[in-house]
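Chain by chain, the residues run as shown.
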Amino acid sequence: MVPNGHPSRYRPALRTGQKFDASASDRPILVFENVYKAYRADQPVLRGTNLIIERGEFVFITGPSGAGKSTLLRMLYRAETVDDGRILFLGRDIARLTDDSVPMLRRNIGVVFQDFKLVPTWTVFDNVAVTLEVLGLPARIIHIRVGEALERVGLSGRGSDRAAVLSGGEQQRVAIARAIVGEPALILADEPTGNLDPLLATDILGLFEDIHETGTTVLFATHDRTLLDVRPRRVVVLDEGKATDVPHGLGMEEDFDDFGECVDEYTPMEDVEPRVETPTDRLAVA
Ligand code: ADP
């Protein structure tokens, strides 16, 4: 997947196709416009959420347990419906995609979960290859690309091991390889370090950062505040059904057990700096 090991020679992340045209590269990769979501009418999870993610960003989504982080991610690949408002992926309203277009959407989005979701009796190779097999790619191509993906996550030579014999950290690496092997434009990570000890968690974060370096947009949902402090990154807090940018580090010394209380003490980024438009600007501010 990384010819000659050089990220800049990586194949373009975004597949062209009739549903995702070339002008899409000028648009934000994701726009949430006033999104509402409720599983129970009296307890809405998202209450007019607005959020813009530019192509190539690395964004932490954080907030208290139950704030709706998983829900927000699940709506992106149409595992949940949107009750009101719009979510645009490369300018296209996800809710309005026809059923025929949903596989195309999902091909452009790789997902990594807290509990890995591997098939334990399958080999590492098969767990990764499945992403490409459903696309009907030739076995030879699958073999090459799975090998490249496993190399990127540091698991070269482990392809024939059964997934069940791997450690938790290794299993999460397999899951990451499965998510990236199709070269999606967007990677969603839903508490990917939640089952790992702190050292492994930092390793896994590093892998996502490597993936981001190759141009892939990464949305990383976590409530682990130590990860937020590893490097200056854009941090979006989801709380009370709204998404708010917070400057990196500001107020992070507060007890973070209850994000709801902490968020009230933040000054939203818009109030302390002019609105920043690019990932680089955001890093400069952070
Ligand atoms: P987070 O990922 O931030 O912990 P979730 O998105 O998992 O939050 O959940 C947000 C809220 O929605 C929680 O109160 C949760 O119990 C509820 N919820 C999530 N999924 C469902 C579902 N399928 N049916 C009913 N309630 C759900």
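See the structure above.
All of these numbers come straight from a predicted model, not from anything done at the bench.

**Here's the deal with the environment of Arg 158**
Link 1 in the chain: Mapped onto the fold, Arg 158 is located in the loop between helix H4 (139-152) and helix H5 (168-180).
Link 2 in the chain: In this structure the C-alpha to C-alpha distance between Arg 158 and Val 124, which are 34 residues apart in sequence, comes to 6.8 Å.
Link 3 in the chain: When near neighbours in sequence (up to four residues on either side) are disregarded, Arg 158 contacts Val 124 and Leu 150.

**Comments concerning helix H6 (residues 198-213)**
Link 1 in the chain: The end-to-end C-alpha distance of H6, which contains 16 residues, comes to 23 Å, matching closely the 22 Å that a straight helix rising 1.5 Å per residue would cover.
Link 2 in the chain: Close packing links the buried residues of H6 with H5, strand S7 (186-190), strand S8 (217-221) and helix H7 (225-228).
Link 3 in the chain: One or two steps after H6, the chain reaches Gly 215, where phi turns positive at roughly 105 degrees.

**Looking at the environment of Ala 139**
Link 1 in the chain: You can see Ala 139 is positioned in helix H4.
Link 2 in the chain: By C-beta crowding, Ala 139 is classed as exposed, having 10 other C-beta atoms within 10 Å.
Link 3 in the chain: Taking the C-alpha atoms as reference points, Ala 139 and Ala 129, ten residues apart in sequence, are found 9.3 Å from one another.

**Looking at the sheet that holds strand S4 (residues 84-89)**
Hydrogen bonding along the main chain pairs the strands of a sheet, whether they run parallel or antiparallel.
Link 1 in the chain: If you walk across this open sheet you meet the four strands as S2-S1-S4-S5, and the pairing is antiparallel. In the strand order of this sheet, the two ends are held by strand S2 (43-53) and strand S5 (92-93), each with one partner.
Link 2 in the chain: In this structure, S4 lies alongside S5, joined through two bridges in antiparallel fashion. Within S5, the residue paired with Leu 88 across the bridge is Asp 93.

**Considering the nonpolar core**
Here is a general trend for soluble globular proteins: nonpolar side chains tend to be buried in one another's company.
Link 1 in the chain: Val 128, Ala 177 and Leu 219 are the most contacted members of the largest nonpolar core, which totals 68 residues.
Link 2 in the chain: Setting aside anything within four residues of it in sequence, one finds Val 128 in contact with Val 146, Ala 149, Leu 150, Val 174, Ala 177, Arg 178 and Val 181.

**Observations concerning unusual backbone geometry**
Link 1 in the chain: Phi at Glu 183 is positive, roughly 55 degrees, even though this residue is not glycine.
Link 2 in the chain: Secondary-structure assignment places Glu 183 in the loop between H5 and S7.
Link 3 in the chain: A positive phi is found at Glu 191, a non-glycine position, where the angle reads about 50 degrees.
Link 4 in the chain: Topologically, Glu 191 is positioned in the loop between S7 and H6.
Link 5 in the chain: C-beta crowding within 10 Å serves as the criterion here: with 19 such atoms nearby, Glu 191 is assigned to the partly exposed category.

**Digging into the site of the ligand**
Link 1 in the chain: Close contacts around the ligand come from Tyr 39, Val 45, Gly 63, Ser 65, Gly 66, Ala 67, Gly 68, Lys 69, Ser 70 and Thr 71, and that covers them all.
Link 2 in the chain: In terms of residue count, helix H1 (residues 69-76) provides more of the shell around the ligand than any other element does, three residues in total.
Link 3 in the chain: A breakdown of the residues in the shell around the ligand according to their chemical character gives three nonpolar, six polar and one charged.

**Some thoughts on the sheet that holds S7**
Link 1 in the chain: Within the open sheet, the six strands sit side by side as S6-S7-S8-S3-S9-S10. Their pairing is mixed. Strands at the two margins of the open sheet, each flanked by one partner only, are strand S6 (109-113) and strand S10 (242-246). Strand-to-strand twist of the sheet, defined as the mean angle between neighbouring strand axes without regard to direction, takes the value 20 degrees.
Link 2 in the chain: Helix-sheet contacts for H6 involve strand S3 (58-62), S7 and S8, and the interaxial angle to S8 is about 155 degrees.

**With respect to the pairing of S7**
Link 1 in the chain: Among the five residues in S7, five count as buried, and that is most of the element.
Link 2 in the chain: Taking every second residue as pointing to the same face, both faces of S7 are buried, with Leu 186, Leu 188 and Asp 190 on one and Ile 187 and Ala 189 on the other.
Link 3 in the chain: Two strands pair when backbone bridges link them, and S6 and S7 are joined in this way by five bridges, in the parallel orientation. By the bridge assignment, Phe 113 is partnered in S7 with Asp 190.
Link 4 in the chain: Here five bridges tie S7 to S8, and the two strands are oriented parallel to one another. Within the sheet, the bridge partner assigned to Asp 190 lies in S8 and is Ala 221.

Criteria and thresholds
Residues numbered from 1 in each chain as written. Predicted model: local features only at pLDDT ≥ 70, side-chain atom pairs only at ≥ 80, totals over all residues. Helix = DSSP H or I, 4+ residues; strand = E, 2+ residues; numbered from the N terminus. Contact = placed C-beta atoms within 7 Å. Expected span 1.5 Å × (residues − 1). Buried ≥ 20, exposed ≤ 12 C-beta atoms within 10 Å, placed from the backbone. Pairing = 2+ DSSP bridges. Core = buried A, V, L, I, M, F, W, Y, C linked by C-beta atoms within 7 Å. Near = placed C-beta within 6 Å. Nonpolar A, V, L, I, M, F, W, Y, C, P; charged D, E, K, R; others polar. Axes fitted to C-alpha atoms, helices over the stretch in contact; angles between N-to-C directions.

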